[in-house]
Amino acid sequence: MSTQENVQVVKDFFAAMGRGGKQGLLALSAEDIEWIIPGEDWPLAGTHRGHAGLAAVLQKASETVETSFPEPPEFVAQGDRVLVVGVATGKIKATNRTFKDDWVFAITVRNGKVAKIREYIDTQALARASQMDASGLA
């Protein structure tokens, strides 16, 4: 596929995430997709594999985080790799704390499907927003 086609696949993937379209995301994802989210003390951190792992992390995200994107992300591509650079703001539902996250996703497209996602995010901002105080309250 061309670089432009790979960028379009990634744009379609992000649009499906924004719509909350699980079936659309699965259709745009390789069956062996791997999504790596860095961090500690952050509920979404870890490596999520396959369609089941993708569905599970999306479900957990919808239960734990409210996110918005104040400006459209930028897409930079070379071959089968697409970098997506953006900013997210939001709130951790359990703590009601807000965050601002500057992020980069390094995405590999294979045969017209998203095959690998590696996030580079401000995990400390997200971890701080996720922390409970000593009494267990936000």
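Scroll up to find the structure.
Residues numbered from 1 in each chain as written. Predicted model: local features only at pLDDT ≥ 70, side-chain atom pairs only at ≥ 80, totals over all residues. Heavy atoms only, no water.

This part takes up the overall build of the protein. What the protein contains, in helices and strands, is 4 helices and 7 strands. When its helices and strands are written in sequence order, the protein yields α-α-β-β-α-β-β-β-β-β-α. Burial status across the protein gives 39% buried among its 138 residues. Of the contacts made within the protein by residues no fewer than 6 positions apart, 49% connect residues no fewer than 24 positions apart. Element-wise, carbon and sulfur atoms account for 50% of the exposed surface of the protein, whose accessible area totals about 7,600 Å². (Helix = DSSP H or I, 4+ residues; strand = E, 2+ residues; numbered from the N terminus. Buried < 20%, exposed > 50% of the residue type's maximum accessible area, 1.4 Å probe, protein only. Contact = heavy atoms within 4.5 Å. Areas by Shrake-Rupley, 256 points an atom, 1.4 Å probe, with all protein chains shown as cover.)

Quick look at the nonpolar core now. Counting residues in each nonpolar core, the largest one holds 29 residues, and the members touching the most others are F13, F14, W35, V84, F105, I107 and I117. Top contributing element to this core by residue count: helix α1 (residues 3–19), with 6 residues. (Core = buried A, V, L, I, M, F, W, Y, C linked by side-chain atoms within 4.5 Å.)

Keep in mind that most residues, glycine aside, have a negative phi and that most peptide bonds are trans. Even without a glycine there, the phi angle at N96 is positive, about 65 degrees. Tracing the sequence through the fold places N96 in the loop between β5 (81–92) and β6 (97–110). Residue N111 is not a glycine yet carries a positive backbone phi of 50 degrees. Checked against the element boundaries, N111 lands in the loop between β6 and β7 (113–120). Its relative accessible area of 73% is what places N111 among the exposed residues.

So, on to a nonpolar patch on the surface. Side chains of V76, L83 and V85 sit close together on the surface and give an oily, nonpolar patch of about 220 Å² of accessible area. Tracing the sequence through the fold places V76 in strand β4 (residues 74–78). (Patch = residues over 30% accessible without salt bridge, like charges linked within 9 Å, V, L, I, M, F, W, Y side chains within 5 Å. Salt bridge = Lys/Arg side-chain N within 4 Å of Asp/Glu carboxyl O.)

As a further point, take the environment of A45. With respect to the secondary-structure elements, A45 resides in the loop between β1 (29–37) and β2 (46–49). Sequence separation of A45 and W35 is 10 residues, and the distance between their C-alpha atoms is 9.8 Å. Those residues in contact with A45, other than ones at most four positions away along the chain, are I37, P38 and G39.

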